[in-house]
Every structure is written in C-alpha cells, then in structure tokens.
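Descriptive analysis of the structure
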Amino acid sequence: MDPLVVLALVAVIVVVFLGAASVRIVPQARRYNIERFGRYRRTLQPGLNLVVPVADRINTKLDVREQVYSSDPRPVITEDNLVVNIDTVLYYQITDPRAAAYEVADYLQAIDQLTVTTLRNVIGSMDLEETLTSREEINSRLRAVLDDATGKWGIRVNRVEIKAIDPPHTIKEAMEKQMRAERDKRAAILHAEGERQAKILTAEGTKQKDILEAQGAQQAMILRADGEAKAVELVFQAVHRNNADAKILAYKYLETLPHLANSDNNTFWVIPGELTEAIRTVTRAFGDQSAAQPEKTAAAGADHPPDAHGTPELDAGWTASFDAAAAADEAGKQAAAAVSDAKAEAEAAKSPQAPRRGQTSGDA
C-alpha cells in the first residue's frame with residue numbers, strides 16, 4: 001500500500017479521535033468539573049460543550065437536583081441519662097459544584113457526622129419527655145447548624161426531619177403503663193362526668209315534673225273551689241230570692257239525716273248536736289204543740305221526779321239499756337217521725353177544711 005495513503009488514513013483517524021474527544025454533552029441537572037493539566041478549569045453546563053483533548057479532563061460529575069439522605073440510627077444520651085436511638089432524614093441540594101468537589105472530600109459523610117454531633121448537643125440539653133414532644137424545635141436547630149456549616153461546601157440544606165426516636169425497652173414499657181393509666185383516668189373522669197350530668201338532668205326533670213304537678217293541682221283546687229263557691233253562691237241567691245224561712249231550712253236539715261246511714265262505715269254514726277233544736281223548729285213551724293207539751297212534761301215529771309235542781313232524772317234501767325247504736329237508731333226514728341209529722345202538718349195546713357193537729361173537738 002502506498003505510504004501516503006496510510007498516512008492519510010492515520011491522519012483522518014487522529015482527527016476523528018481528537019474531534020470526538022473535544023466534544024462533551026452534559027445532561028440536564030448535571031454539572032461536570034473540568035480540570036486542565038490537573039487544575040480546575042471550569043464547570044460544564046447542560047448541553048454541548050467543547051474541551052481541549054488530552055489537556056482537559058472531567059474530574060467530578062455532580063447532580064444538582066435535591067437529594068435525600070437517610071442516616072442510620074445513632075445513640076444519643078438525654079439530659080436524664082437515657083440512651084435513645086434517633087434516625088434522621090436530610091434533604092439537601094448542591095448549589096456550587098466546584099465547592100462541593102474541592103472544599104470537602106466527602107460531603108455526605110461530613111453532613112452525617114455534623115448531624116450526629118448536633119443531635120447530641122441538642123438532645124443532651126433535653127430530658128426524654130421533652131425530646132419526644134419537641135421535634136419541631138430539634139429540626140429547626142439542626143437545620144440552622146447544618147445550613148451554616150454546609151454553605152461553604154456549596155450545599156444548601158432544605159429540610160431536616162427526625163424519622164424515629166426509639167427509647168429503651170424498659171422505658172417503652174413504663175411509658176405504655178403511664179399512658180394506660182392516663183387513659184383509664186380520663187375514662188373514669190368522663191364516666192363520672194356523664195353520671196353527674198345524668199343525675200343533674202334527672203333532678204331537673206323531677207323538679208320540673210313536681211312543679212308542673214303542683215301547678216296542676218293548684219289550678220284544679222282553684223277551679224274546684226271556684227265551682228263550689230259559685231254553687232254555694234247560687235244556692236244562697238236562690239234561698240234569698242225565694243225568701244226561705246226557718247221552717248224550710250229545718251225541714252231540709254232533717255231530710256238529710258237519713259242519708260248518714262248510707263255510709264260504708266255501718267258501725268258508727270255521727271248525730272249532729274242540733275238535732276233536737278231542728279225537731280223543735282219543725283214542730284213549732286208546722287204544728288202548735290203548746291197544749292200537748294205541758295201534759296207530756298207533767299207525765300214525764302210524774303214518772304221521773306226532778307232532782308234538787310229541777311232536772312228530771314232518768315232511771316238506771318233506761319240508761320243501761322241504750323248504747324251508742326241504740327241512741328243513733330232512736331234519734332233516726334225521732335227524726336223520721338218528725339219529718340212525717342211535718343209533712344202531715346204541711347198537708348193539713350194546705351186544706352182549710354181539715355182540723356189542725358193539736359185542736360180537740362171541743363175547740364172546734
């Protein structure tokens with residue numbers, strides 16, 4: 001083969017190789033650090049970039065998207081000398097590729113160790129209960145320390161989160177017992193509060209019921225009293241309108257006496273003390289018994305002579321023969337006889353031809 005052709009082919013191959021070596025395509029969200037003869041030259045941006053073959057080379061390829069880094073559980077001692085294991089999650093982003101490549105050897109390890117030391121400083125000033133309830137404060141303090149330290153490394157810490165806080169097993173059991181006791185306490189309080197409210201509502205209902213019943217009874221008594229008052233008023237108006245005298249009143253009084261025996265209590269009767277006076281009133285009203293009265297009195301005086309005070313005495317046999325029931329029967333018979341006599345006298349008074357009671361044939 002002709003040597004010129006060989007040289008031409010070699011020259012073409014060299015040119016193609018150098019052309020391919022001088023072209024660099026950088027993907028989106030990537031940054032390439034270029035060194036020329038071992039010294040940082042520049043950072044390639046996404047797209048097509050030209051470099052000097054052989055003299056320039058790519059040192060580091062960095063991803064500028066936001067990254068997530070989860071650390072392993074690390075033991076941390078609290079203020080009350082309890083060891084807890086804490087897991088953290090770190091969200092960071094590379095803002096300066098040159099600083100991230102040349103200011104720190106391994107930025108992930110540096111961030112991890114800085115997170116652990118900061119956690120120990122923060123948790124060491126808190127007890128266990130405060131540690132479990134102060135996650136937001138711990139996150140903010142961690143972010144402030146990491147953002148200040150990683151700024152010169154070309155890294156921005158966007159967010160730091162505590163993923164888990166694991167206390168010792170014995171502490172977990174004690175916390176579970178405490179929470180169980182707290183729940184039982186709240187349940188007992190709620191139950192007692194419910195019973196109190198139920199009793200209060202029951203008492204209020206009973207009070208309202210008693211008040212309403214009392215008001216109803218009061219209204220019923222008022223209405224009943226008003227009805228009775230109106231009835232009595234009507235009776236008195238009728239009596240006064242008809243100009244009733246003592247004869248009618250005494251007659252009505254004696255007419256109601258037989259109804260006393262209609263009671264269920266048939267072993268005891270109440271005989272009013274005005275019975276004798278009512279009989280006398282009816283007798284005087286409907287018949288003149290003035291002529292017969294002295295004869296009866298004289299006969300009674302003959303049978304039972306008066307004592308020193310002028311009162312007729314009853315013999316012992318008469319007194320012993322009457323008990324309460326016999327006295328009631330006798331009084332009822334006298335009342336019925338008086339009523340019959342009064343009716344007969346009233347009928348006789350209506351007929352002028354009939355002789356009046358108490359008049360003799362000689363009087364006629």
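What you are looking at is a predicted structure, and each value in this text was computed from that prediction instead of being measured.

1. A word on the overall build of the chain
A tally of helices and strands in the chain yields eleven helices and nine strands. Considering the chain as a whole, with its 364 residues, one finds that 22% of them fall into the buried category. A separation threshold of at least 6 residues defines the contact pool for the chain, and within that pool the share at least 24 residues apart is 61%. Of the roughly 25,400 Å² of accessible surface on the chain, 57% is carried by carbon and sulfur atoms.

2. Some remarks on the pattern of salt bridges
For the structure shown, the criterion picks out eight salt bridges. With a shortest N-O distance of 3.9 Å, Arg141 and Glu137 are connected by a salt bridge. Residue Arg141 and its partner Glu137 are both found in helix 5 (residues 135-150); the two are separated by four residues, about one turn of the helix. For Arg141, a relative accessible area of 35% corresponds to the partly exposed category. Arg159 is the salt-bridge partner of Glu161, the closest N and O atoms lying 2.7 Å from each other. Look at Glu161 and you get partly exposed, because its relative accessible area is 25%.

3. Side note on the sheet that holds strand 3 (residues 39-44)
The strand order 3-2-5 describes an open sheet built from three strands, whose pairing is antiparallel. Every other strand in the sheet has two partners, leaving strand 3 and strand 5 (56-63) as the edge strands with one partner each. Neighbouring strand axes in the sheet, compared pairwise and without regard to direction, differ in orientation by 25° on average. Pairing of strand 2 (residues 30-36) with strand 3, which is carried by five bridges, proceeds in the antiparallel orientation. Bridge pairing in strand 3 places Asn33 opposite Thr43.

4. Digging into the environment of Glu137
A relative accessible area of 37% means that Glu137 is categorised as partly exposed. Along the chain, Glu137 and Val122 lie 15 residues apart, while their C-alpha atoms are 9.4 Å from each other.

5. Considerations on a positive patch on the surface
On the surface, Lys177, Arg180, Arg183 and Arg186 cluster together into a positively charged patch. Locating Lys177 in the fold gives a position in helix 6 (residues 169-242). Of the residues examined, Lys177 reaches a relative accessible area of 56% and is grouped as exposed.

6. Remarks on the nonpolar core
The biggest cluster of nonpolar side chains holds 29 residues, and the ones touching the most others in it are Ile86, Leu90, Ile138 and Ile155. Of all elements in the fold, only strand 8 (83-94), helix 3 (107-123), helix 5 and strand 9 (155-166) reach the threshold of two or more residues within this core. It is helix 3 that provides the largest number of residues to this core, a total of seven residues. With sequence-adjacent residues up to four places away left out, Ile86 is seen in contact with Asp72, Pro73, Arg74, Val76, Leu119, Ile123, Ile162, Ala164 and Ile165. In terms of nonpolar packing, the next biggest core, distinct from the first, is built from five residues, Val26, Tyr32, Ile34 and Leu44 among them.

7. Points about unusual backbone geometry
Backbone geometry at Phe37 places phi at a positive 55°, although glycine is not the residue there. On the secondary structure map, Phe37 appears in the loop between strand 2 and strand 3. Phe37 gets classed as exposed once you look at its relative accessible area, which sits at 70%. In this model, Asn81 sits at a positive phi of 60°, which is unusual for a non-glycine residue.

8. Examining the packing of aromatic side chains
Throughout the structure, instances matching the rule amount to two aromatic pairs. Seen from their ring centres, Tyr40 and Tyr102 are 5.5 Å apart, and the 65° between their planes marks the pair as edge-to-face. With a gap of 62 residues between them, Tyr40 in strand 3 and Tyr102 in helix 2 (residues 97-102) connect regions that are remote in the sequence. A centroid spacing of 6.1 Å and a plane angle of 65° characterise the contact between Tyr92 and Tyr107, whose relative ring orientation is edge-to-face. Note that Tyr92 is positioned in strand 8 and Tyr107 in helix 3, a separation of 15 residues in sequence. Look at Tyr92 and you get buried, because its relative accessible area is 4%. Tyr107 gets classed as buried once you look at its relative accessible area, which sits at 18%.

9. Overview of the confidence of the model for the chain
Low pLDDT means the predicted coordinates in that region are not meant to be read closely. Summarising the model, the chain shows a mean pLDDT of 75, and 67% of its residues fall at 70 or more. Within the chain, no element has a lower average pLDDT than helix 10 (residues 316-321), which sits at 37, and none a higher one than strand 2, at 91. Note that pLDDT drops below 50 for residues 288-325; the model gives that stretch 19 contacts with residues more than four away or on any other chain. Below pLDDT 50 for its whole length, residues 353-364 participates in five contacts with residues either more than four positions away or in separate chains.

10. Re a nonpolar patch on the surface
Taken together, the side chains of Val6, Val10, Val14, Phe17, Leu18 and Val54 make up a nonpolar region of the molecular surface, amounting to roughly 540 Å² of accessible area. On the secondary structure map, Val54 appears in the loop between strand 4 (47-50) and strand 5.

11. Examining a negative patch on the surface
Together, Glu79, Asp80, Glu129 and Glu130 make up a negatively charged patch on the protein surface. Tracing the backbone through its elements, the reader meets Asp80 in the loop between strand 7 (74-77) and strand 8.

About the cut-offs
Residues numbered from 1 in each chain as written. Predicted model: local features only at pLDDT ≥ 70, side-chain atom pairs only at ≥ 80, totals over all residues. Heavy atoms only, no water. Helix = DSSP H or I, 4+ residues; strand = E, 2+ residues; numbered from the N terminus. Buried < 20%, exposed > 50% of the residue type's maximum accessible area, 1.4 Å probe, protein only. Contact = heavy atoms within 4.5 Å. Areas by Shrake-Rupley, 256 points an atom, 1.4 Å probe, with all protein chains shown as cover. Salt bridge = Lys/Arg side-chain N within 4 Å of Asp/Glu carboxyl O. Pairing = 2+ DSSP bridges. Axes fitted to C-alpha atoms, helices over the stretch in contact; angles between N-to-C directions. Patch = residues over 30% accessible without salt bridge, like charges linked within 9 Å, V, L, I, M, F, W, Y side chains within 5 Å. Lys, Arg positive; Asp, Glu negative; His and termini not counted. Charge placed at Lys NZ, Arg CZ, Asp CG, Glu CD. Core = buried A, V, L, I, M, F, W, Y, C linked by side-chain atoms within 4.5 Å. Phe/Tyr/Trp six-rings, centres within 6.5 Å; stacked < 30°, edge-to-face > 60°. pLDDT = per-residue confidence, 0-100.

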